[in-house]
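Fold and contact review
Each chain, letter by letter, is given below.
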Amino acid sequence: MDRWRALFNTPGRRRQAAFHQALTECSESVQHATGATVAVVQRGSSGNYLDVAFLFGAFVAWVGLLMILFAPHPVHPYLVPVDVILLFVVGSWLCGRTRLRGWLTPWRRQRRQVKTAAHAAFFEEGVYHAPNDCGVLVYWSRLERRVEVVAGTGVLAAVPLKEYHALLHALRRAALH
């Protein structure tokens, strides 16, 4: 039993639990202060980043081709294309299934992807139908480690700007730590 407790008590899980706690507190304070409808959406990633995975696979295949060409032992010519294709597939799969695609993607693109996905989720979840246009969507993307908050115009009119930005800063800080 102690092994399972040790496994589930990792720093990453504690960070995630702390973020969930901060998210709950912020959403409850927004609901009590404005009477807004708060929806929380959590996604694994905001985009597929398939191009990043393919570029990484092409790079791995290119390095593998260079190693094959300059290897001291001979390689049969029929095996070269098979090896290069296999290296491309393995490199693309590895990049697509791990956090490597997040590390290789520029932060500006990640920020744009999260913002676009959050605004799309605002309409997909029907938050824009909230009474008096008092809907708030908190969008958390785990791969990009970013939080985006989309609020209706009723919330922006009801909450002072300074408090709204303080809540946004608290949520984004909690997502990073």
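Refer to the structure above for everything that follows.
Now for a quick tour of the structure.

What counts, and where the lines are drawn
- Each chain carries its own residue numbering, running from 1 in the direction its sequence is written.
- Local features in this predicted model are restricted to residues whose pLDDT is 70 or higher, and side-chain atom pairs enter the listing and the counts only when it is 80 or higher, whereas totals over whole chains, interfaces and linings include all residues.
- In computing side-chain values, all of the structure's heavy atoms are included and hydrogens and water are not.
- Basic side-chain nitrogens of Lys or Arg form a salt bridge, by our definition, when they fall within 4 Å of a carboxyl oxygen of Asp or Glu.
- Secondary structure is summarised from DSSP: a helix means a run of H or I of at least four residues, a strand means a run of E of at least two, and numbering begins at the N terminus for each.
- Working definition: with a 1.4 Å probe on protein chains only, accessible area under 20% of the residue-type maximum means buried, over 50% means exposed, and in between means partly exposed.
- Within 6.5 Å between ring centres, the rings of Phe, Tyr and Trp (the latter by its six-membered ring) count as paired, and their orientation is classed by plane angle as stacked under 30 degrees, edge-to-face over 60, tilted in between.
- Expected helix span is computed as 1.5 Å times (number of residues minus one).
- The contact criterion used is simple: two residues touch if any of their non-hydrogen atoms lie within 4.5 Å.

Thoughts on the pattern of salt bridges
- Tallied over the entire structure, the rule returns two salt bridges.
- In this structure, Glu-124 and Arg-43 form a salt bridge, with 3.7 Å as the shortest nitrogen-oxygen distance. In this pair, Glu-124 is assigned in helix 6 (residues 107–124) and Arg-43 in strand 1 (residues 37–43), connecting sequence segments 81 residues apart.
- Measuring nitrogen to oxygen at the nearest pair gives 3.1 Å for the salt bridge that ties Asp-51 to Arg-109. Highlighted residues: Asp-51 in helix 3 (residues 50–69) and Arg-109 in helix 6, separated in sequence by 58 residues.
- For Arg-109, a relative accessible area of 18% translates into the label buried.

Observations concerning the packing of aromatic side chains
- Within this structure, the stated rule accounts for three aromatic pairs.
- With 5.9 Å between their ring centres and 35° between their planes, Phe-54 and Phe-88 make a pair best called tilted. In this pair, Phe-54 sits in helix 3 while Phe-88 sits in helix 4 (residues 79–97), placing the two residues 34 residues apart along the sequence.
- On the basis of relative accessible area, Phe-88 is assigned to the partly exposed category, the value being 29%.

Side note on helix 3
- Taking 1.5 Å as the rise per residue, helix 3 with 20 residues should run 28 Å; its terminal C-alpha atoms sit 28 Å apart, in good agreement.
- Buried residues of helix 3: Val-52, Ala-53, Phe-56, Gly-57, Ala-61, Gly-64 and Ile-68, and no others.
- Buried residues in helix 3 make contact with helix 4, helix 5 (100–104) and helix 6.

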